[in-house]
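A structural walkthrough
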Amino acid sequence: MTNINQQSAKMWSGRFREPLDATFESWQRSFPFDVRLLSHEIAASKAHAETIAAAGILVSDELKQMLYGLDRVIPLSLEESAKLTNLDALRDAHKLNSPGVGFVISAYSSIVALNPQAEDIHHFVELQLTKIIGDLALKLHTGRSRNEQIATDMRLFVREAIDNTLASLTAWRKALIDLAESAGEATMPSYTHLQRAEPVLIVHWLLAYVTMIERDASRLTDARKRMNLCPLGSGAVAGATLALDRNLAARALNFDAPTPNSMDATSDRDFALDFTQAIATLGIHISRFAEELTLYSTAEFGFLDLPERFSTGSSAMPQKKNPDLTELIRGKSGRLLGAATTLATLIKGLPLAYNKDLQEGQEPVFDAADTIAGILSVLPAFTASLKFRFDTMKTAAHSGYLNAMAAATYLTDKGIPFRKAHEHIGNAVRLGLETQRELQQLTLEELRAICPQFGEDFFSAITLEATLDCHDVIGGTARPRVKTALDEAKSRLTEHA
Ligand code: ARG
């Protein structure tokens with residue numbers, strides 16, 4: 001009796017007599033999305049070929065053919081798909097893993113369309129390799145399992161995504177620092193409870209975001225360090241059945257070392273969790289920035305003119321200029337949180353070791369990588385093109401009693417307990433509100449009626465400059481402190497680059 005599954009030629013058909021239900025078969029395939037692991041699967045397969053050759057499974061000529069064949073898989077796949085659609089430009093592109101690039105995605109789709117028999121990326125590479133070097137291709141699976149392969153491919157994907165994110169994050173950081181630099185000593189109100197609080201330098205506000213990004217970069221760098229271990233040689237669950245030198249594959253793939261436990265290595269997706277969670281946090285920061293700019297661009301705030309290059313109009317209301325970029329970013333950060341949540345929920349409760357559920361963990365990672373790449377592809381240029389309305393911001397910083405804290409500080413400097421000083425300035429503010437004047441517009445007589453310790457020097461203590469400069473602590477908005485903070489941020493950026 002012939003094996004009924006030979007026609008469908010799965011990697012596991014031997015023990016089966018019944019063919020798969022056709023709907024189930026296509027539903028359970030991962031090739032439509034894991035195709036984007038192609039270049040990583042090839043790299044990992046080459047590393048594995050070297051390792052089993054060193055263990056005597058392949059003679060040197062076989063290894064040579066194997067490596068040659070693996071190098072031909074991508075060109076062959078592209079040639080085949082070029083026949084389906086006009087994808088000539090792709091042949092030299094070879095950047096099959098640049099996330100979010102439309103034309104690459106279309107190459108993937110045609111590769112998938114052309115290979116309905118491929119169950120997953122591992123099966124696909126084996127099928128292509130067989131076309132190129134014949135049955136020798138079937139030796140490649142000696143001493144390995146798809147469980148360790150997918151764990152390795154995903155690590156390679158995440159590592160690359162981290163590197164890409166870090167690079168574009170540096171570009172945004174630079175854009176923010178440049179924008180800060182160009183703001184000089186311009187001021188704006190700061191807010192608590194979204195009510196005007198105290199004046200700050202615009203630089204100080206922008207550096208708040210630089211500080212967040214630096215934490216984001218450190219989280220990603222940290223995750224990269226922790227994940228940089230090679231699962232190859234872990235087998236299906238208990239370790240390879242050949243005495244492989246796992247260091248060879250680890251080195252070939254630029255991992256620091258092999259993973260220490262085969263059960264963990266085949267079922268661990270912490271690296272993907274770390275990545276999606278760090279990206280979700282970054283997304284939260286970006287979303288807060290987007291929200292602030294959305295608010296600040298309203299007529300109610302009037303702090304900035306949205307750059308036309310990054311805004312859209314309304315099909316109904318001719319006067320509108322809408323902040324689509326910042327709104328979309330705010331929206332997309334929700335997807336990033338979603339990816340982290342999906343992954344955490346997926347892994348929670350999985351018994352060791354590999355479970356097919358893990359296949360569901362790929363798409364959220366791809367989506368997070370694509371989404372953050374997309375966001376960071378527009379954010380630096382958008383940030384660089386922001387034009388503040390310094391006058392409006394200054395007026396807002398200079399009115400509404402934002403110097404009340406500085407005024408209270410003036411009284412405490414005269415030896416008055418803060419609680420009392422607070423009360424006196426509160427009374428002064430009340431008088432100002434009733435007569436529609438700012439603190440600096442009250443007369444000395446009126447002030448002395450509230451508290452005899454007010455002197456002529458009060459007025460110079462509550463100017464906008466003095467109000468900034470009284471925050472003379474590390475991390476405060478005093479002008480010299482902010483200048484130092486900006487210099488330090490710049491040198492950290494240079495160091496980092
Ligand atoms: N497509 C599978 C995944 O993404 C590859 C590993 C399959 N392993 C298995 N034992 N069925 O998880």
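Conventions used here
Numbers given to residues run from 1 along each chain, matching the order in which its sequence is written. It should be noted that, the model being predicted, local features are given only for residues of pLDDT at least 70 and side-chain atom pairs only at 80 or more, the latter also being counted only at that level, while totals for whole chains, interfaces and linings use all residues. The basis for every side-chain value is the complete set of non-hydrogen atoms in the structure, without hydrogens or water. A run of H or I in DSSP becomes a helix once it reaches four residues, and a run of E becomes a strand once it reaches two; helices and strands are each numbered from the N terminus. We call two residues contacting when some pair of their heavy atoms lies within 4.5 Å. Calculation of accessible area relied on Shrake-Rupley with a 1.4 Å probe; when residues are assessed, cover is drawn exclusively from the protein chains displayed. Positive charges come from Lys and Arg alone, negative charges from Asp and Glu alone, with His and the N- and C-terminal ends not counted. Every charge is mapped onto a representative atom, which is NZ of Lys, CZ of Arg, CG of Asp or CD of Glu. Classification of residues uses two cut-offs on accessible area relative to the type maximum, computed with a 1.4 Å probe and protein chains only: under 20% is buried, over 50% is exposed, and between them is partly exposed. The quantity known as pLDDT measures the predictor's confidence residue by residue, on a range of 0 to 100. UniProt positions are given in the numbering used here, feature names are shortened, and annotations may be inferred rather than shown by experiment. We define a salt bridge as a contact between a side-chain nitrogen of Lys or Arg and a carboxyl oxygen of Asp or Glu at a distance within 4 Å.

Things to note about the overall build of the chain
When you go through the chain residue by residue, the secondary structure sums to 20 helices and six strands. Over its C-alpha atoms, taken along the principal directions, the chain stretches across nearly 110 × 55 × 40 Å. Residue pairs at least 24 apart in sequence account for 73% of intrachain contacts in the chain once pairs closer than 6 positions are excluded. Total accessible area on the chain stands at roughly 23,400 Å², and carbon and sulfur atoms take up 55% of it. Counting 51 positive and 61 negative side-chain charges, the chain places the averaged centre of each group 1 Å from the other.

Side note on the environment of Leu-136
Within the secondary structure, Leu-136 is located in the loop between α6 (121-133) and α7 (146-182). Note on Leu-136: relative accessible area 13%, which makes it buried. For Leu-136 and Thr-477, which are 341 residues apart along the polypeptide, the C-alpha to C-alpha distance reads 69 Å. Sequence-distant contacts of Leu-136, that is, excluding residues within four places in its chain, are made with Leu-58, Glu-62, Gln-65 and Met-66.

Re unusual backbone geometry
In this structure, the amide linkage connecting Leu-352 to the following residue, Ala-353, adopts the cis form with an omega of 0 degrees. The phi dihedral of Leu-194 is positive, around 55 degrees, even though this residue is not glycine. Residue placement: Leu-194 occurs in the loop between β1 (187-192) and β2 (195-201). Phi is positive for Asn-254, which is not a glycine, with a value near 60 degrees. On the basis of relative accessible area, Asn-254 is assigned to the exposed category, the value being 58%.

Concerning the confidence of the model for the chain
Averaged over all residues, the pLDDT of the chain equals 93, while 94% of them reach at least 70. Throughout residues 1-7 the model reports pLDDT below 50, and contacts reaching past four residues in sequence, or to other chains, amount to 15 contacts. Here residues 97-101 is modelled with pLDDT under 50, and outside its nearest four sequence neighbours on either side it reaches 14 contacts, counting other chains as well.

Some remarks on the UniProt feature "domain: Fumarate lyase N-terminal" (unreviewed entry) in the chain
Per the UniProt entry, the sites bearing "domain: Fumarate lyase N-terminal" (unreviewed entry) are residues 111-338 in this numbering. Structurally, residues 111-338 is divided into 59% helix and 8% strand, and its ends, taken at the C-alpha atoms, are 29 Å apart.

A look at the side chain of Glu-126
Here Glu-126 is to be found in helix α6. It is Arg-144 that comes nearest to the buried, bridge-free Glu-126 among opposite-charge side chains, at 5.7 Å. Not counting chain neighbours up to four residues away, the residues in contact with Glu-126 comprise Met-11, Ala-137, Leu-138 and His-141.

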